[in-house]
Amino acid sequence: MIHKQPSLGWLACAALALVCPAATSQQALPASAQALPPGARQIAGVHYVELAARALPTAPWAERVDAFWEGYSLSLALDEAQIARLAGLQVDFYVVDHKDDAQWLANRALVDLRGGPSTHLVQAGFAANVVELDPGNIFGGDGERLSRGLDIVVDVDRDGTLSSGDCIDGAGRAPGAGLLKTAPLNGPYQVVEQIYSAGTWLGQDVYYPANIAQLGPRPLVVVSHGNGHNYQWYDHIGFHLASWGCIVMSHTNNTVPGIVSASTTTLSNTEYLLANQATVLGGVLAGKIDRTRIAWIGHSRGGEGVAHAHNRIRTGAYAPVNFQLSDIKLVSSIAPTDFLGPTSSLALGVAYSLWTGGADADVNGCADCDLCQTFQLHERANFERYSISLHGAGHGAFHNGSASTVATGPCQLSRTDTHLVMKAYFLPMVKHHLFGEPIVEECLWRHWNGFRGFSLPSTPCLVVDLMFRPPASRRLVVDDFQTNPATNLTSSGTSLVATVTGLVEGVFNDNDTVFTDLAGDPMNGMTLAGPGDVSAGIVFDSAPGQRLSFELPAAGRDLRRYTHVSLRAAQATRDPLTTAVLGEHDMEVALLDGAGRRAVVRASALSMGISEPYQRTACGTGTGWANEFETIRVDLEALLRSEPAFDATDARSIELEFVSNGRIGLDEVALEVDP
Amino acid sequence: MKKALFHVPAACLLVAAATWAVREPAPVRLPERQPAPDAAQDGDARKIADGGSALEAAPGVLRLVAAAPFTLQKPYDHVWRLETPQVWSGWLVALEADPALCAPRQTAEPVLVAGLQTAARVNHGVLGRVVAVLPCDERLAGAPCAELARSWWWSAPALPEQLDEAALEAARSALPPGAIHAVGEAEWSAARARRRGDRSARRDGAVARRRGVDPRARARGPRDGSRPARAARRALSEEGAAPLAAPLSGLLDEVRDPGIEARGIAGRALVGFGRRAVARQDRPSEPRAESPLAVVG
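Residues numbered from 1 in each chain as written. Chains lettered and ligands numbered in written order. Predicted model: local features only at pLDDT ≥ 70, side-chain atom pairs only at ≥ 80, totals over all residues. Heavy atoms only, no water.

J.: When you look at the overall build of chain B in this model, what are you seeing that I'm missing?
T.: In terms of helices and strands, chain B carries eleven helices and nine strands. Of all 297 residues assigned to chain B, the portion counted as buried reaches 60%. The long-range fraction of contacts in chain B, counting pairs at least 24 apart against all pairs at least 6 apart in sequence, stands at 74%. (Helix = DSSP H or I, 4+ residues; strand = E, 2+ residues; numbered from the N terminus. Buried < 20%, exposed > 50% of the residue type's maximum accessible area, 1.4 Å probe, protein only. Contact = heavy atoms within 4.5 Å.)

In structure tokens, the structure reads:
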């Protein structure tokens, strides 16, 4: 687990500096500390702070992140409290392999992965203390973990050990930073693929590491294909995830009768493999499948089928024999249909991810077809959830069959490019939820402009829009528009003050059958809700200087509990304000405290923005496909840097100020904390 | 458990169906309808969305090519309709149909119906050749199954598992005149007479061989690298569809539903189409020597 210092790390560091007694590097762990729960700070005298950062060319100069792609720059940023404490001192920076507190206590020697430490003279001013530690030379490691855990140390006394007075980002329970291997590339294992059939609808294509005999129990990834598809069309998922340590099983799927039948084959194939692992494929999988770590991935009708299968178990309609509901750790739907609607096609209480192709000519997302609107399944998911939308990806681009990509629209993506993107996101998802690598969660929400690894397609046609929502335990909802429909009231009961025009709050469901821009359809292009769905938000016209101000509920006034301000937004398709200037829509995110002090950062300064809709025609007149929401998560520390006097214990409101004209959809304004 | 019964005529039908399913399609005489998703273009979104209309005057089923009855010793559930009745008997059929209605898509598809019974399609039939299992139980229906298999139509796009008797009745009553393909006496006789030794079957086999397609290869997976298998894959790709269970093996799969513990018969049937397809499969604890399934015809 990454130990983001409870938001404003500098506050904590300053507090520690005051209360921690000086300690020698050889100091034994005090008895009281030994009784602390796992993860509690145990090394007396050492300052646990946030150091890892992504350097920015302009203010706010850096944002706190934990994940870095192998081959890319790794930086450090000293916060104001450390700068004040260390100004004028020459210090050494170390990048070392992660160790927990007990390991550090056993051996405090600093062994830098770069061959030696870098030296830095701490100067006044934040920007002067944003330092590149490595341009991309550190090896990501060769194990099956996607991330190599790193601890970053400021060796204040320059004695080459982690000693009292030094600062560390890491130790405790989790690394300070994670160096990620190139996700689209294969992992460390050779893969064996075997196909067998145990009878009707029990045809299975199984992928597993060739050295599985030497490995412990492996997570199981089940792939359920779509209608007219084939279970042998998912090599790109099977080989890739198996090379990273999974057992992947793609099965024949009875999709033609419908979604219930498809879900039955997902269940029966999962059951069969678990029950017969000792004998299938000559017993090579005997004892090697960890039934407590299962992911279900489905495509199209199969994508709806996996969600329905999960719901069948949850509601008691199906009682699994060889696993239980809690063993399903991830459900992922690729371009799913939505035949069964809000009460049956949903995955509750489990991490859920959705894939949508902007050029999909089958499950096409047009306003006239509710069962073709993928986002509805995403909106129903109530636990950790992700959405990955690819402009230009067709329905058939997600599998590797030889038929058409079933695409329509401009700038279409090839199957190869689509698969690279799938690998880049599926692997972090699987590593996070099946292998317990929470640090890779950042891969699932950080925008590509500031976080793009190697081996991804370079075509300018590739636009990836991400939505991310952590579980409720990690967020405080300020306004999700699910209650209090008055436009001057947030769902948390506080006030909403708007100077934007044309503000409408309602269910995100295009109220006609076209994407044509019509005056009577304020929710034009919204496909997040269908009949019976409740996902709601606001739409409005923005202009430079216009604002939305969300009063914070009492629980949100002390920002030290949080790491990010989060919201999701979309440009409204085919609206003249959208089509006038096609491109990323920018905005400022601000916080106000009780004294009226205002801290602000522009989303673009953090390499974030709201993409224009995919420029596809049909579904009425005009150009532009369904509204695609993107999540913007603003690092609180970066935001508050603009106003050093800001009282982080007394924040009063979140303010969005617009810098250009646009027609915008907005939802899920929240304060969040990293894992 | 009785000894497995494997009736020659049923096997003959399977041979014929497999061979026939890959031969050159006859010209389609129906007006153009909804395009397959692969052919979708801008402007087609709405048609794709609602699945198009199957309720046109011309029948979507053009010809009953072959039909053979079967009976089972243990039933399986017919998941192609809402009531999921148990299947004890029925027809294995091969049909010539409007390819436009057969194209697979994720959204709703037209549903193949005989009388008021949904047929379980074994293949999609994108070339216009559909192999299907039509459940029929005279003990329950109280009507001759032969009559059921002589009245074919396509319902409006739907999920078969959501259709019940009332929905089918309503759909049928909404059909325009001429939308039901009534199998005439000559067509019925020809369909019932179709055998492996038949001239038509031999002709179909010859056509397939000229195209380099060994019908036996269709029972193998697409990973099979043999020349016949590659040819079969080419033929399937010409269909523009997945080899969703190649027609023959799919048909056999349908028959050997695990609910009826009839895998043995499937294995036996595969003898004529490529035993290796079975031999290469790992099927633990699967009874092969005996089967409760009896196919009669």
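Here the narrative resumes, following the displayed structure.
J.: I'm lost on helix α9 (residues 415-435) of chain A in this one. Help?
T.: Because the α-helix completes a turn every 3.6 residues, residues three or four places apart line up on one side. Residue and element names in this part refer to chain A. Compared with the 30 Å implied by 1.5 Å per residue over 21 residues, the 28 Å span of α9 between its first and last C-alpha is a close match. Counting buried positions along α9 gives 19 out of 21 residues, so the element sits mostly inside the fold. Just downstream of α9, Gly436 is the residue with a positive phi angle, here 70 degrees. (Expected span 1.5 Å × (residues − 1).)

J.: For this particular structure, what's the right way to read the sheet that holds strand β22 (residues 496-498) of chain A?
T.: Two orientations exist for strands paired in a sheet by backbone hydrogen bonds: parallel and antiparallel. All names here are of chain A. Taken together, the five strands give an open sheet; going across it, the order is β22-β25-β30-β27-β28, and neighbouring strands pair in antiparallel fashion. Every other strand in the sheet has two partners, leaving β22 and β28 (598-602) as the edge strands with one partner each. The sheet shows a mean angle of 15 degrees between the axes of neighbouring strands, taken without regard to direction. (Pairing = 2+ DSSP bridges. Axes fitted to C-alpha atoms, helices over the stretch in contact; angles between N-to-C directions.)

J.: In this structure, what is going on with the environment of A:Thr487? I would like to understand it.
T.: Residues and elements named next belong to chain A. Within the secondary structure layout, Thr487 lies in the loop between β21 (475-479) and β22. In this structure Thr487 comes out as partly exposed when scored by relative accessible area, which is 36%. For Thr487 and Gly506, which are 19 residues apart along the polypeptide, the C-alpha to C-alpha distance reads 9.7 Å. Residues in contact with Thr487, not counting those within four places in the same chain, are Leu496, Leu503 and Glu505.

J.: Would you mind showing me how to read the packing of helix α6 (residues 259-275) of chain A against helix α7 (residues 301-314) of chain A here?
T.: Geometrically, a packed helix pair is captured by the angle between its two axes and the distance between the axes. Residue and element names in this part refer to chain A. Where α6 meets α7, the closest approach of the two axes is 7 Å, and the angle between their N-to-C directions is 70 degrees. Between α6 and α7, the crossing angle belongs to the class labelled roughly perpendicular. The residues of α7 that touch α6, namely those facing Ile259, Val260, Ala262, Ser263, Thr264, Thr266 and Leu267, are Arg301, Glu304, Gly305, Val306, His308, Ala309, Arg312 and Ile313. Classifying every residue of the contact of α6 with α7 gives seven nonpolar, five polar and three charged. (Parallel < 35°, antiparallel > 145°, perpendicular 65-115°, else oblique. Nonpolar A, V, L, I, M, F, W, Y, C, P; charged D, E, K, R; others polar.)

J.: It is not clear to me how the confidence of the model for chain B should be interpreted in this structure. Could you clarify?
T.: Parts of the model with low pLDDT should not have their predicted coordinates read in detail. All names here are of chain B. Residue-level pLDDT values for chain B average 61, and 43% of them are 70 or greater. Confidence drops under a pLDDT of 50 for residues 1-12, and excluding neighbours within four residues, the segment shows 27 contacts in the predicted structure. In this model residues 21-57 is a low-confidence stretch, pLDDT under 50, and it forms 102 contacts with partners more than four residues away in sequence or in other chains. (pLDDT = per-residue confidence, 0-100.)

J.: Could you clarify how one ought to interpret the nonpolar core in this entry?
T.: Grouped burial of nonpolar side chains is what soluble globular proteins tend to show. Residues and elements named next belong to chain A. Counting 52 residues, the largest nonpolar core has Val221, Ile237, Ile334, Trp355, Tyr425, Met429 and Val464 as the members making the most contacts within it. Inspection of this core shows a minimum of three residues originating in each of domain 1 (9-180) and domain 2 (191-469). Among all residues touching Met429, those that are not within four sequence positions of it are Leu330, Ser353, Trp355, Tyr386, Ile388, Leu434 and Leu444. (Core = buried A, V, L, I, M, F, W, Y, C linked by side-chain atoms within 4.5 Å. Domains from an automatic or database assignment.)

J.: Would you take a moment to explain the pattern of salt bridges for this structure?
T.: Proximity of charged atoms lets side chains of opposite charge pair with each other. Residue and element names in this part refer to chain A. In the structure shown here, the tally under the stated rule is 38 salt bridges over all chains. Among the salt bridges present, the one from Asp97 reaches Arg148, with a minimum N-O distance of 2.8 Å. With Asp97 in strand β6 (residues 90-97) and Arg148 in strand β9 (residues 147-155), this pair connects stretches of sequence that are 51 residues apart. A salt bridge links Asp558 to Arg560; the shortest N-O distance between them is 2.9 Å. (Salt bridge = Lys/Arg side-chain N within 4 Å of Asp/Glu carboxyl O.)

J.: Explain the packing of aromatic side chains to me, please; I cannot follow it from the model alone.
T.: Describing an aromatic ring pair means giving the distance of the ring centres and the angle of the ring planes. Residues and elements named next belong to chain A. Applying the stated criterion to the full structure yields 13 aromatic pairs over all chains. Judged by centre distance (5.2 Å) and plane angle (70 degrees), the ring pair of Tyr207 and Phe239 falls under edge-to-face. Here Tyr207, found in strand β13 (residues 203-209), pairs with Phe239, found in helix α5 (residues 235-243); they are 32 residues apart in sequence, far enough to count as distant. Residue class for Phe239 comes out partly exposed when judged on its relative accessible area of 28%. Summarising the aromatic geometry, the rings of Phe515 and Trp625 are spaced 5.4 Å apart at their centres and angled 90 degrees between planes, so their arrangement reads as edge-to-face. (Phe/Tyr/Trp six-rings, centres within 6.5 Å; stacked < 30°, edge-to-face > 60°.)

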